[in-house]
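# Remarks on the overall topology
The chain contents come next:
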Amino acid sequence: MGAAKAVRPLTLEEYLALEREAPVKHELVEGFPHAMAGTGDRHNRVVVNLVLALGPLAREKGRVEVRSRSGQSFTLP
């Protein structure tokens, strides 16, 4: 057996270089790439329907903050 390879977080530059050539796209979470699931028409329709149904209800409650799995967040108007 060979020696175990050291695992370390990727730099942004390393991630971007790998992602340019990757057949499967990834998101970078705390320096480690995670494969993203592919989507199709059915998935996109479900997402749109959820946003259309829940968006107005969320706005009634006030400020709406959305956070991605990678920790990035933004506020909806």
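Residues numbered from 1 in each chain as written. Predicted model: local features only at pLDDT ≥ 70, side-chain atom pairs only at ≥ 80, totals over all residues. Heavy atoms only, no water.

Looking only at helices and strands, the protein chain has 2 helices and 4 strands in total. Secondary structure elements in the protein chain, listed N-terminal to C-terminal, are α-β-β-α-β-β. Looking at the protein chain as a whole, 10% of its 77 residues qualify as buried. If you take every contact in the protein chain between residues at least 6 apart in sequence, the share linking residues at least 24 apart comes to 15%. Of the accessible surface of the protein chain, which amounts to about 6,900 Å², a share of 61% is contributed by carbon and sulfur atoms. (Helix = DSSP H or I, 4+ residues; strand = E, 2+ residues; numbered from the N terminus. Buried < 20%, exposed > 50% of the residue type's maximum accessible area, 1.4 Å probe, protein only. Contact = heavy atoms within 4.5 Å. Areas by Shrake-Rupley, 256 points an atom, 1.4 Å probe, with all protein chains shown as cover.)

So, on to the environment of His34. With respect to the helices, strands and loops of the structure, His34 is situated in strand 2 (residues 32-35). In this structure His34 comes out as partly exposed when scored by relative accessible area, which is 40%. Spatially, the C-alpha atoms of His34 and Val24 are 9.9 Å apart, while their sequence positions differ by 10 residues. Dropping the residues within four chain positions of it, His34 is found in contact with Lys25, His26, Glu27 and Val29.

Right, let's talk about the pattern of salt bridges for a bit. Taken as a whole and assessed by the stated rule, the structure comprises 1 salt bridge. Two residues, Arg8 and Glu14, come together in a salt bridge whose shortest N-O distance is 2.6 Å. For Arg8, a relative accessible area of 49% gives the class partly exposed. Judged by its relative accessible area of 26%, Glu14 is partly exposed. (Salt bridge = Lys/Arg side-chain N within 4 Å of Asp/Glu carboxyl O.)

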